[in-house]
Amino acid sequence: MGIFSKKNSTNVRFNVINPKTSVSSRKWLVFIKPLIVLLCTLFLFGVYSNWQNILESWDKTPIRAYALTHKTQFTTNADIRETLSGEPALKGYFGQDIQEVKDKLLSIPWVKDVVVRKLYPDRLSITLLEHKPIAIWNDVNFVSEQGIVFSLPQDRMDKSGLPLLYGPDTEGKNVLEAWSKIRTDLNARKLDLSSVSVDNRGSWTIRLSNQVELRLGRGEWTPKIDRFVSIFPEINVPDGHRLAYVDLRYPHGAAVGFSPIKN
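Residues numbered from 1 in each chain as written. Predicted model: local features only at pLDDT ≥ 70, side-chain atom pairs only at ≥ 80, totals over all residues. Heavy atoms only, no water.

The protein has the name Cell division protein FtsQ in an unreviewed UniProt entry, where Mannheimia varigena USDA-ARS-USMARC-1296 is given as its organism. The protein has a UniProt comment under Subunit (unreviewed entry) that states "Part of a complex composed of FtsB, FtsL and FtsQ." (UniProt positions renumbered as here; feature names shortened; annotations may be inferred.)

Here's what the structure looks like:
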């Protein structure tokens, strides 16, 4: 007896690819790929060109608070608030230009430098560096260690003990250097310096602590001070007067002037 087994058969259908259709598809892909790349490039360029506007659209509120990183000597919170509230108005975290804030704060006359950082979502971190006044300039302003002339509210600085310097604002550094050198020369001669001034022509005048004015003129002052020291003991001061000035601008000798003593 024979035994037969019946097996399931699976019908497999094969699609026949038309060569013409395949070539047409490849041509379409060759055309569409550069177009896709171009569209992506244009999209990315648009995002790059307008990223600032996109970020600014996320700002809900303008910057409205700040924190000082250290205590300042002359600058008050009122100074900072008033300066920051000026035009142009502050923007939000993403829209605010840091340099714009720095320029505002640097407009404060006694501020030397400033470092600003933005703190999300609506704060600023501010570090203020102030000029250090070491001399009084033209009776109303001050001069810093670097010879920079700047203004400062009179009630925020005790002027006592500061030297008096005078001259064009552009000469702050030169006058400060002259003060240091002349004071050293005078101290070696047991004389004290009170003030130093220079005019627009570069002519120097100094005042001693005894209020005697020495007119040194232009050029080297050391030999002129030596001349003053040598003739000072020989100057006869009239009764009821005091020595007001000694003019040392002459090649030899000097001219002197007196003023009455006020009772």
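Visitor: Sorry, what's going on with the pattern of salt bridges here?
Guide: Any two side chains of opposite charge can pair if their charged atoms end up close together. The full count for this structure, using the stated rule, is 7 salt bridges. A salt bridge links Arg189 to Asp226, with the nearest nitrogen and oxygen atoms 2.1 Å apart. With Arg189 in the loop between α5 (172-188) and β8 (193-198) and Asp226 in helix α6 (residues 222-231), this residue pair connects regions lying 37 residues apart in the sequence. Overall, Arg189 belongs to the partly exposed group, its relative accessible area being 24%. Judged by its relative accessible area of 35%, Asp226 falls in the partly exposed class. Among the ionic pairs, Arg207 bridges to Glu213, the shortest N-O distance being 3.0 Å. By relative accessible area, which is 25% here, Arg207 ends up partly exposed. (Salt bridge = Lys/Arg side-chain N within 4 Å of Asp/Glu carboxyl O. Helix = DSSP H or I, 4+ residues; strand = E, 2+ residues; numbered from the N terminus. Buried < 20%, exposed > 50% of the residue type's maximum accessible area, 1.4 Å probe, protein only.)

Visitor: Just checking my understanding: could you explain the packing of helix α3 (residues 77-84) against helix α4 (residues 98-106) for this structure?
Guide: Between two packed helices, the angle of one axis relative to the other and the distance separating the axes together describe the packing. Where α3 contacts α4, the axes come no closer than 9 Å and their chain directions differ by 130 degrees. Taken together, the axes of α3 and α4 lie oblique to each other. Of the two elements, α3 crosses α4, and the hand of that crossing is right-handed. Counting all contacts with α3, which are made through Ile80, Thr83 and Leu84, the residues of α4 involved are Val101, Lys104 and Leu105. Broken down by class, the residue content of the contact of α3 with α4 amounts to 4 nonpolar, 1 polar and 1 charged. (Axes fitted to C-alpha atoms, helices over the stretch in contact; angles between N-to-C directions. Parallel < 35°, antiparallel > 145°, perpendicular 65-115°, else oblique. Left-handed = near helix turned anticlockwise from the far one by under 90°. Contact = heavy atoms within 4.5 Å. Nonpolar A, V, L, I, M, F, W, Y, C, P; charged D, E, K, R; others polar.)

Visitor: Even after reading the chapter, I still don't get the nonpolar core, so can you show me in this structure?
Guide: The tendency in soluble globular proteins is for nonpolar side chains to be buried side by side. Counting 27 residues, the largest nonpolar core has Leu165, Ile206 and Leu214 as the members making the most contacts within it. Secondary-structure elements contributing two or more residues to this core are β4 (133-137), α5, β8, β9 (204-208), β10 (213-217), α6 and β11 (241-247). For this core, the element with the highest residue contribution is α5, accounting for 6 residues. Among all residues touching Leu214, those that are not within four sequence positions of it are Trp204, Thr205, Ile206, Leu208, Phe228, Val246 and Leu248. Phe74, Ile108, Val111 and Val116 belong to the second-largest nonpolar core, a separate cluster that totals 22 residues. (Core = buried A, V, L, I, M, F, W, Y, C linked by side-chain atoms within 4.5 Å.)

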